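The primary structure of each chain is shown beneath.
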Amino acid sequence: MESTTENPYYDYSDMYDAIPIQICEREELRHFVSTYITPSYYLMFILSFIGNGLITLILVKWEKFHSVTNIFILNLVISNIFFSSTLPFMAVYQSSAWIFGNIMCKMTNTFFFIGFQSFAAFLTLMTIDQYLIVVHSWSSSSRGRISYALYMSIIVWSVSIFSSIPDIILYTESDQMGNKVCEVNNTTDNHWWLLLAHYKHFVLFFLVPLFIIITCYFRIVLKLTTCNIRRKTTVLKLIFSIVILFILCWTPYNIIMFVMFQKQTFIECHSFLPYIFSVCQSIVYFHCCLNPVLYAFLGTKFRKYLCSCAKNCLPRTPQQNDLSLRTSLGL
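Since we're looking at a predicted model, the values are computed, not measured.

Procedures and definitions
Residues numbered from 1 in each chain as written. Predicted model: local features only at pLDDT ≥ 70, side-chain atom pairs only at ≥ 80, totals over all residues. Heavy atoms only, no water. pLDDT = per-residue confidence, 0-100. Helix = DSSP H or I, 4+ residues; strand = E, 2+ residues; numbered from the N terminus. Contact = heavy atoms within 4.5 Å. Phe/Tyr/Trp six-rings, centres within 6.5 Å; stacked < 30°, edge-to-face > 60°. Buried < 20%, exposed > 50% of the residue type's maximum accessible area, 1.4 Å probe, protein only. Lys NZ or Arg CZ within 6 Å of the ring centre and 35° of its normal. Disulfide = S-S within 2.5 Å. Core = buried A, V, L, I, M, F, W, Y, C linked by side-chain atoms within 4.5 Å. Polar contact = N/O pair within 3.5 Å; in protein donor to acceptor, adjacent residues only side chain to side chain.

## Let's talk about the confidence of the model for the chain
Part 1 of the argument: Across the chain, the average pLDDT comes to 77, with 78% of residues at or above 70.
Part 2 of the argument: Within the chain, helix 1 (residues 2-6) has the poorest average pLDDT of any element, 44, and helix 7 (residues 143-163) the best, 90.
Part 3 of the argument: Counted against residues more than four places away or in other chains, residues 1-25, with its pLDDT under 50, gives 31 contacts.

Right, dumping it as structure tokens:
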């Protein structure tokens, strides 16, 4: 008891075979998250599934998959659903403790990283596709390009799932001072897995896509300044907005993750980074909900189809049914 009085931030690392636990700030951080962040998780979960569900309906019912862009957009929506499926579990965990067991602990974090990794990959492929269309005048709807998009989609999902193996190994349910937690098992045996997971996430699925995206759009801007390509303006506006949103939402999160990994700041009781990390993580989840809004408001066809969905849910007269049919046929 005397040692505890002299040092209120007691190091429990001898009791647990891992890094010291931040007991001193756990309750304050939990109160901050449960008060300001957790309520938004439930709202984002609902909005994300409604928005992504509408985009999927539009793609399947009207747009079909006759272009590479539509195939990649569908895969982006699926990636967003992977993100969003973790929101209810994270909301409960942030406000109390992990109550879902070890298997769900691994699955929740695996879904998060599969979603992130596949999203970054498909966003990069969409940017490369637009670069080829604009700069090199490739067709987006040729049969060979459609086959290429399907094969690349299979490869991306396979790589994303395979790359999540370190996360499956690292994340586990454990008991810390009577509370169940779902965190990285940072023991000596997992040191190399931790290094692999961190640098894989930061370099392969953030820095590399960021470099490719910026390079491609630089070339696209140069092309557009010398040629008048009006037909592709709407698509480019959509893709460009998605990319900018990705940079703004994911850059702070990755920087904070990198800083915490290098300095192991979470073991410091008075560190403010856990608070910043919680905010940045919520921004990442918000990003999942905002993408469908971009599709709906920047894409002319998506707006038209969204209006059609809304009209179909309301009672209509025979005259309105005839007008809707002629509009869908382009008459």
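Having seen the structure, we can now continue with the description.
## Quick word on the packing of aromatic side chains
Part 1 of the argument: Applying the stated criterion across every chain yields a total of 25 aromatic pairs.
Part 2 of the argument: Ring centres of F83 and W250 lie 5.6 Å apart, and the angle between their planes is 40°; on these two criteria the pair is classed as tilted. Within this pair, whereas F83 is found in helix 4 (residues 68-84), its partner W250 is found in helix 10 (residues 233-263), the two being separated by 167 residues in sequence.
Part 3 of the argument: Ring geometry for F112 against Y285: centres 5.9 Å apart, planes inclined by 65°, an arrangement best described as edge-to-face. Here Y285 lies in helix 11 (residues 273-298) and F112 lies in helix 6 (residues 101-135), a separation of 173 residues in the sequence. Of the two residues, F112 and Y285, neither departs from the other in class, the shared state being buried.
Part 4 of the argument: Connected via pairs of aromatic rings, a cluster forms that spans Y41, F83, F112, F113, F116, F119, Y171, F246, W250, Y253, F277 and Y285.
Part 5 of the argument: Over the face of the ring belonging to F113 we find K200, whose NZ or CZ atom lies 5.7 Å from the ring centre.

## Things to note about the state of the cysteines
Linking two cysteines covalently via their sulfur atoms produces the bond known as a disulfide.
Part 1 of the argument: Counted under the stated rule, the structure contains 1 disulfide.
Part 2 of the argument: C105 shares a disulfide with C182; S-S distance 1.9 Å. The S-S bond linking C105 to C182 shows a torsion near 90°; that makes this disulfide right-handed. Highlighted residues: C105 in helix 6 and C182 in strand 2 (residues 179-184), separated in sequence by 77 residues.

## Observations regarding the nonpolar core
Across soluble globular proteins, you tend to see nonpolar side chains buried next to one another.
Part 1 of the argument: Y41, F112, L123 and W250 are the most contacted members of the largest nonpolar core, which has 75 residues in total.
Part 2 of the argument: The greatest single-element share of this core, amounting to 16 residues, is contributed by helix 6.
Part 3 of the argument: When neighbours within four sequence positions are excluded, F112 is seen to be in contact with F83, T86, W250, Y253, V284 and Y285.

## What about the side chain of K200?
Part 1 of the argument: In this fold, K200 is placed in helix 9 (residues 191-226).
Part 2 of the argument: Polar contacts involving the side chain of K200 include one to the main-chain carbonyl oxygen of S163, which spans 3.0 Å.
Part 3 of the argument: K200 has contacts with Q117, S163, D167 and F205, leaving out every residue within four places of it along the chain.

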